Amino acid sequence: MKVGVIGAGQMGSGIAEVFALAGNEVKIYDVDRGQLDRALKNIKWSLSKLAEKGRVKDVEEIMSRLHVSEGLSSFQTEELVVEAVFEDFNVKAKTLEEVSRRLSPESLIATNTSSIPITELSRAVWSPERFLGMHFFNPPVLMELVEVIKGDSTRDVYFNKALEVVRNIGKTALPVRKDVPGFVVNRILFRVFNKACSILDRYTVEQVDWVAYYDLGFPMGIFMLLDYTGLDLNLSISKEVAKRGLKLNCPEVEKLVANGKRGAKSGSGFYDWKERPRIERVQGGPSPKELIEDAFREGLWLIKEGVATEEEIDKGTMLGLGLRSGIMTMGRRLGLS
Ligand SMILES: NC(=O)c1ccc[n+]([C@@H]2O[C@H](COP(=O)([O-])OP(=O)(O)OC[C@H]3O[C@@H](n4cnc5c(N)ncnc54)[C@H](O)[C@@H]3O)[C@@H](O)[C@H]2O)c1
């Protein structure tokens, strides 16, 4: 398959690598030429790590499937284009308008947005029935899950085709059948974040994180995860989704960001990251049930709205959040219904 990737940042470079790894010819473009060079270097480094683990035979052969593009006008014969530029509505809309004008109306066009509704972006796309969300997780090469999101204009035939494309690159597709802000996995995660923030008047960061890690099987504590993914990024996503009805509120995050503490990348946040923080066993803390109750209810709402099934939500939260068991199974086990 001929694939185009627009934006060669953290996500775009990973997405290009994934498609090339699966045997596709990939064209990649970024407005910043230096970023394109860095992306190719990073992809080569990542492939050589996979080769050391025996997961890749010939790094150069995969690199030869990656082609740098000089401009959007070179995207014409691709069967799929994935847009992964900055999370900014106007930048994305302009890019999508320009590229969709040249591609065949049969080609698939996808956005990797985390927080902008697919339906809003689709208004910029020529032939919007072939436009959808393909939400990869970070880092794309290691994360198995991809949410495939149907916008209001997406036709079933293209939605199903996109699910198949995701399976063909060896990933697990989570079908998101309605365009809800935050899609499935982040909606669930935000409910956990929000609950964790709202009980900080009763418990410490360490107590909440110990319960999340030890009792609930999160790969790290909730606040540690917030720090790890970037407090500023979380703040901007929650502001975006709040504009569209999913209200989230964490004054602690706002305070930290205002003081220049953006989490791991800035050296501090809820934790000090000069050395990698560890989760310590502490007494007390919320009950596991209290911590995930809102997330479980969010899952029930997603099922009721026909966005995803219970099994899909469970699989999505296991693969997307690294949980040992899915959020719905966990909730039921803790007595929620
Ligand atoms: N970082 C994550 O964890 C994550 C996870 C899932 C989805 N996303 C989404 O993926 C997208 C990209 O995020 P990222 O973290 O890779 O950002 P990034 O800042 O690392 O990369 C964005 C790239 O887009 C390029 N760019 C900007 N305008 C452009 C244009 N008009 N044409 C071509 N290239 C352009 C920039 O030069 C930059 O290299 C965003 O929509 C983000 O919400 C990010």
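Residues numbered from 1 in each chain as written. Predicted model: local features only at pLDDT ≥ 70, side-chain atom pairs only at ≥ 80, totals over all residues.

Structural notes on the overall build of the protein
Here comes step 1: A tally of regular secondary structure across the protein gives 14 helices and eight strands.
Here comes step 2: Computed over its C-alpha atoms, the radius of gyration of the protein comes to 20 Å, within 12% of the 20 Å expected for a compact globule of 337 residues.
Here comes step 3: For the protein, the spread of C-alpha atoms along the principal axes amounts to about 60 × 45 × 40 Å.
Here comes step 4: Taken across its 337 residues, the protein has 46% of its residues classed as buried.
Here comes step 5: Across the protein, every contact between residues at least 6 apart in sequence was considered, and the portion connecting residues at least 24 apart equals 67%. (Helix = DSSP H or I, 4+ residues; strand = E, 2+ residues; numbered from the N terminus. Rg over C-alpha atoms; globule rule 2.2 N^0.38 Å. Buried ≥ 20, exposed ≤ 12 C-beta atoms within 10 Å, placed from the backbone. Contact = placed C-beta atoms within 7 Å.)

Description of the pairing of strand S2 (residues 25-29)
Here comes step 1: The element S2 is largely enclosed, with a buried count of four among its five residues.
Here comes step 2: Summarising the sheet, strand S1 (residues 2-6) and S2 pair through five bridges and their orientation is parallel. Bridge pairing in S2 links Ile6 to Tyr29.
Here comes step 3: In this fold, the crossover linking S1 to S2 by way of helix H1 (residues 10-21) has right-handed handedness.
Here comes step 4: Direction of pairing for S2 relative to strand S3 (residues 66-68): parallel, over a ladder of three bridges. Counted as the bridge partner of Lys27 is His67 from S3. (Pairing = 2+ DSSP bridges. Right-handed = clockwise from strand over helix to strand, strands pointing away.)

A look at the environment of Leu233
Here comes step 1: On the secondary structure map, Leu233 appears in helix H10 (residues 231-243).
Here comes step 2: For Leu233, a count of 17 C-beta atoms within 10 Å translates into the label partly exposed.
Here comes step 3: Along the sequence, Leu233 and Gly263 sit 30 residues apart, while their C-alpha atoms lie 9.8 Å from each other.

A word on the site of the ligand
Here comes step 1: Taken together, 23 residues lie near the ligand, and Gly7, Gly9, Met11, Ser114 and Asn138 sit nearest.
Here comes step 2: Elements with a contribution of two residues or more to the shell around the ligand: H1 and helix H4 (89-102).
Here comes step 3: For the shell around the ligand, the element with the most residues is H1, which contributes three residues.
Here comes step 4: Taken together, the residues of the shell around the ligand sort by class into ten nonpolar, ten polar and three charged. (Near = placed C-beta within 6 Å. Nonpolar A, V, L, I, M, F, W, Y, C, P; charged D, E, K, R; others polar.)

Brief notes about the domain arrangement of the protein
Here comes step 1: Each assigned domain of the protein is listed here: domain 1 (2-176) and domain 2 (185-333).
Here comes step 2: In this assembly, twelve residues from domain 1 lie in contact with 13 residues from domain 2.
Here comes step 3: Put simply, the parts of the chain that give the side of domain 1 that touches domain 2 at least two residues each are strand S7 (145-150) and strand S8 (172-176).
Here comes step 4: Sort the elements by how many residues they give to the side of domain 1 that touches domain 2 and S8 lands first, with four residues.
Here comes step 5: When its residues are assigned to classes, the side of domain 1 that touches domain 2 shows seven nonpolar, three polar and two charged. (Domains from an automatic or database assignment.)

Some words on unusual backbone geometry
Here comes step 1: In this structure, Pro139 follows Asn138 across a cis peptide bond, with omega equal to -5°.
Here comes step 2: Note that Pro139 resides in the loop between strand S6 (131-136) and S7.
Here comes step 3: Positioned with a positive phi, Ser127 is a non-glycine residue whose angle comes to about 55°.
Here comes step 4: Mapped onto the secondary structure, Ser127 falls in the loop between helix H5 (118-122) and S6.
Here comes step 5: With a phi close to 55°, Phe183 is a non-glycine residue in the positive phi region.
Here comes step 6: Tracing the backbone through its elements, the reader meets Phe183 in the loop between S8 and helix H7 (185-198).

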